[in-house]
Amino acid sequence: MLRLPNERARPSFGRPPPTQETPPADGVFRPALVNGVTLGSIYGLIAIGYTMVYGIVGMINFAHGDVFMIGAFLSLIVFLALTSIGITFVPLALLLVLFVAMALTALYGWTVERVAYRPLRGSFRLAPLISAIGMSIFLQNYAQVTQGARFKPLPPVVTGGHKFGAVDGFGVNISNVQIIIVLLTVALMVAFTLIVSRTNLGRAQRACEQDRKMAALLGVDVDRTISLTFVMGAALASVAGLMYLLYYGVVDFYIGFVAGVKAFTAAVLGGIGSLPGAMIGGLLIGLIETFWSAYFSVEYKDVAAFSILIIVLIFLPSGLLGRPEVEKV
Amino acid sequence: MTTPPADAPKLPDDTLLRVEHLTMRFGGLTAVDDVSFDVKRGDITALIGPNGAGKTTVFNCVTGFYKPTVGRLTLNGAGGRGWLLERLRDHQISRLAGVARTFQNIRLFGGMTALENLLVAQHAPLMKASGMTVLGVLGLGGFNKAEAAAIEKAKAWLERIGLIDRADDPAADLPYGDQRRLEIARAMCTDPVLLCLDEPAAGLNPRESGDLNALLRSIRKEDGVAVLLIEHDMSVVMEISDHVVVLDYGKKISDGTPQAVREDPKVIAAYLGVEDEEVEAVEREIEGAQA
Amino acid sequence: MTTAAAPSPFPEALKNAFVTALIALGLAAPMMGLVTVQVGGDLGLEPHCPRVAIAVALVFVGRLILNLTIWRPGRVKKVTAISPKTERLLSKTARYLAPAAVAFAIILPFLPGVGRGQIDLGILVLTYVMLGWGLNIVVGLAGLLDLGYVAFYAVGAYSYALLAQNFGFSFWLCLPLAGILAALWGVMLGFPVLRLRGDYLAIVTLAFGEIIRLVLLNWQWFTGGPNGIGGIPKPSFFGIDFKTGPDGFAATFGLTFSPLHRIIFMYYLILALALITNYFVIRLRRLPIGRAWEALREDEIACRSLGVNTVNTKLTAFALGAMFAGFAGSFFATRQGFISPESFVFMESALILAIVVLGGMGSQFGVAVAALLMIGGFEWFREFQDYRLIIFGLVMVLIMVWRPRGLVSSRSPSVFLKEKKAISGSLVQEGHG
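These numbers were taken from a predicted model, which means no experiment stands behind them.

What counts and what doesn't
Residues numbered from 1 in each chain as written. Chains lettered and ligands numbered in written order. Predicted model: local features only at pLDDT ≥ 70, side-chain atom pairs only at ≥ 80, totals over all residues. Heavy atoms only, no water. Helix = DSSP H or I, 4+ residues; strand = E, 2+ residues; numbered from the N terminus. Buried < 20%, exposed > 50% of the residue type's maximum accessible area, 1.4 Å probe, protein only. Contact = heavy atoms within 4.5 Å. Areas by Shrake-Rupley, 256 points an atom, 1.4 Å probe, with all protein chains shown as cover. Lys, Arg positive; Asp, Glu negative; His and termini not counted. Charge placed at Lys NZ, Arg CZ, Asp CG, Glu CD. Pairing = 2+ DSSP bridges. Axes fitted to C-alpha atoms, helices over the stretch in contact; angles between N-to-C directions. Parallel < 35°, antiparallel > 145°, perpendicular 65-115°, else oblique. Left-handed = near helix turned anticlockwise from the far one by under 90°. Nonpolar A, V, L, I, M, F, W, Y, C, P; charged D, E, K, R; others polar. Buried area = accessible area lost by both parts, 1.4 Å probe. Salt bridge = Lys/Arg side-chain N within 4 Å of Asp/Glu carboxyl O. Polar contact = N/O pair within 3.5 Å; in protein donor to acceptor, adjacent residues only side chain to side chain. Patch = residues over 30% accessible without salt bridge, like charges linked within 9 Å, V, L, I, M, F, W, Y side chains within 5 Å.

K.L.:
In this structure, what is going on with the overall build of chain C? I would like to understand it.
P.N.:
A tally of helices and strands in chain C yields 16 helices and 2 strands. Seen through its principal axes, chain C has C-alpha atoms that stretch 80 × 70 × 50 Å. Looking at chain C residue by residue over its 433 residues, the buried ones come to 55%. When contacts within chain C are restricted to residue pairs at least 6 apart in sequence, long-range pairs at least 24 apart make up 71% of them. Looking at chain C as shown, the accessible area adds up to about 18700 Å², and 69% of this sits on carbon and sulfur atoms. Charge-centre separation for chain C: the mean point of 34 positive side chains lies 12 Å from the mean point of 21 negative side chains.

Structure (structure tokens):
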């Protein structure tokens, strides 16, 4: 029988991460909220990559989840390399990891676009999709062959946490990792919104989104703009990979698929092509998963997320913030 | 399939379609505002007006692509049966009420041959003949006979529009003028009582335009089908239409014979309001058509 | 990139290859060169320099060769990989090739040198051919992108397994039931996605496939969860079992017992199912429903203006496509004797879709060739072990870059007056839904 990689019993999104100390009598609601926001931030960052690429070239970059996985691996490798040369001061190490991994993952994003998508630009819609699926299979197995199939546990790097609003006994525990993840996501979101709305690159991107041919006629370097979009998407995915590594303390070659599907779901739920939509979609998917896990069952959390996606799309066929497609007769 | 309500009011015998108080709003924009007019049996009715007057919106309401915000569209169909078009679903308007249409930007099935295009138009009767596919798959029932008849009908239309030699070529390969005529033939293959044409002469050269006029006249005469058309080309409008309805900013400003409309000061003002050159061009065209 | 009249392309090509190699170094050095290993309780890094060097050298040499040959500056680029003339010739030979291929498939088990392994591979390829033909209705004809096709395969497999185990129904009774159940699920998927287009449709079908798999995985008491269902009964030869006793197949037909009989029977069973699928799809294409599917793919709005009920047309496409997956699924269950959710992952859907796109959407022959290439090729590369899937992924990318419209890109009209002319793929729309 043809065997393609399958999902196995591995730590997965939405379950309480192993590094996180179980909260004391906080109840269920608030931890679920905090976990959901954290998870949603990671989804949101990956979803931005999907949404940006979709906006500009109109294709589903199926390999994006695997670029995220490569980003997580690269973060781990860079972190270990830094440790081995003696940089053990955690804030400095993390900052270096962030930038080096971003650069290296961006190189992967650039290469994927150059090899698998650019030759197919302007071609039939399904060709880049199949090419992207091929790229996804390639990256997944590339990571498996080069780094091994076993998952890599990393001892907690950032520990500790804070209890907020504990005065009346109704506090909530938020770990430092969660604080870092949410703050970093907010910072990146602000930065990206500024890039898209204020810089030349952002203007070029929006121009290419509207009409690629016209943009080229007006002197926008379309190839470069598209390449940079992939680079930005990959860099964000790499940050998400680092966050995943810190939050769950484990990486393996298969995390890309699950994360990719969820993030893509988030992008579509928010309205594909819309940056705030991707973030809102990510948060929603994260919250649905953690709340479903907390109140109903962990097993069916993905079913819940997918079902809500389908229900939302029945009533809003272009997602929450997507532009409705006008049927021009 | 739900049978649409049959409580359509009775129209006078010579009236095919009655549009009453048609209003269409898109958000805050009122594209069509309280427009009423009649389409008589066997007439060619032209809908004219400056760009953005709401002509295509009226069309889309009549052919079921939009549901009007307010208004009633009564069609006195084949066999005297009345239909309220705004209550029918889009495909039922063609299938039950017999309203067929063409599009401003030609919408042929480009990757299918001219013949196949005309067969898709006969989908409903062929579907019935194939026993909703079940009998057709097994080769039972009268499907083969029905298909042969459908092909004959398609052939007759291809001959009429002069495309019989290109029957097996993909529609997208045909020249522009031929595509326009093929689209009209395709609409006619649905056996309509009312044929709606959205700018059929747009982009045609004078010779093709002349062919089109001849085709439309023959459709009215030989098939007894009423035609409702949107047109910018005044020579076509003045030459072939029996009845002209003029829209401006979503409102009907004039309604009558080509002669009456041409002399209506409101119409002249509407066209004057656009561009002087355009008005002169229109006047020249009208005079040319009259001469 | 470069001027056509460059005196010698070599320095430029060398420079270019060098840059490419540098990029490859940047990609490979951390991922391939530094391997995370567990030393004791801690993670450490283990350098692997030689393979980085090999990879970079391969990229350098490969790019250099390409720069000097295919990508040589000034080389006249052919517009299509296959000219229309060759394509017409191909489609003509295909007319004879298809019956020849069927004839070959029929005699395959009795050819010298064909053993159990080859027949097993044949069964596998034919299963994917059948799935490809089924999905072709949805994607190739109706132009609706379906990323969750494997769900219907799963429904078929579990329908047979559960009906056979709980009620003792025979394979021949379960086969149509499984098809009908899968078709019902097809309609269930069809309803919510009627209004969706393009990538929204893609993600909903993907989500649907995942929902089905996750339910199968977690509904322990009903489906056996991750442990799956075992001991699924094998089909009999119209009531005669393949066993050693006096009333077994071998004894009844005066043959010496061989376990190969059952395998050969299975082979013919899937061959028959696949050919029935093919017959139906070819037949459907010539019926009004098939023409309506293709018209829907070309232009949905025009369809509605011609009185085609697009809702029913889409739902029929989903239902019939699903039905064939259901048949294939119950065959899969009976052949394996064991099923679990692991067999119905997204990658299977992607693989079937890749077969359809690679074959050339809408072409039955192309789909069969693509299934043979993908599945057969994949098995053929078995000796590459771990590298097999890497190659598989790369080949998928390369084939798409080489022929974005698939192997057989032209469309053959469903009806003709004088001459059947192949329609160039560039004129054919691929649907928006």
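K.L.:
Help me understand the sheet that holds strand β6 (residues 99-101) of chain B in this model?
P.N.:
Two pairing modes exist for strands in a sheet, parallel and antiparallel, and in both the strands are linked by backbone hydrogen bonds. Residue and element names in this part refer to chain B. One open sheet accounts for 6 strands, arranged β6-β7-β8-β3-β9-β10; its pairing is mixed. Both edges of this open sheet fall to β6 and β10 (251-256), since each of them pairs with a single strand only. Averaged over all pairs of adjacent strands, the angle between strand axes in this sheet comes to 20°, irrespective of strand direction.

K.L.:
Is there a simple way to think about the packing of helix α2 (residues 64-84) of chain A against helix α4 (residues 126-147) of chain A in this case?
P.N.:
Helix packing for two helices is described by the angle between their axes and how far apart those axes are. All names here are of chain A. Axis separation between α2 and α4 bottoms out at 9 Å; the angle between their running directions is 25°. Judged by the angle between their axes, α2 and α4 are roughly parallel. Between α2 and α4 the crossing geometry is left-handed. Across the interface between the two elements, D66, V67, M69, I70, F73 and I77 of α2 pack against S136, L139, Q140, Y142, A143 and Q147 of α4. Class assignment of the residues belonging to the contact of α2 with α4 gives a composition of 8 nonpolar, 3 polar and 1 charged.

K.L.:
Just checking my understanding: could you explain the interface of chain A and chain C for this structure?
P.N.:
One frequently used descriptor of interface size is the decrease in accessible area upon assembly of the parts. On the side of chain C, 81 residues touch chain A, which itself brings 76 residues to the contact. Summed over both partners, the interface of chain A with chain C comes to about 7000 Å²; 73% of that surface belongs to carbon and sulfur atoms. The tally of links between chain A and chain C comes to 0 salt bridges. Linking chain A with chain C are 10 residue pairs in polar contact (both at pLDDT 80 or more). Counting only elements with at least two residues in the side of chain A that touches chain C, the list comes to α2, α3 (90-117), α4, β1 (152-153), α9 (255-270) and α11 (301-315) of chain A. With 16 residues, the single largest contributor to the side of chain A that touches chain C is α4 of chain A. Classifying every residue of the side of chain A that touches chain C by side-chain character gives 52 nonpolar, 13 polar and 11 charged.

K.L.:
How should the environment of S409 of chain C be read in this particular structure?
P.N.:
As for its placement among the helices and strands, S409 of chain C is situated in the segment after α16 (387-402). Sequence-wise, S409 of chain C and P176 of chain C are 233 residues apart; in three dimensions their C-alpha atoms are separated by 33 Å.

K.L.:
Please explain a nonpolar patch on the surface as it appears in this structure.
P.N.:
Residue and element names in this part refer to chain A. The grouping of I280, L284, I311, I314, F315, L316, L320 and L321 at the surface amounts to a nonpolar patch, some 680 Å² of accessible area in total. Elements represented by at least two residues in the nonpolar patch include exactly α10 (275-295) and α11. Counting residues per element, the nonpolar patch draws most heavily on α11, which supplies 3 residues. Tracing the chain through its elements places I314 in helix α11.

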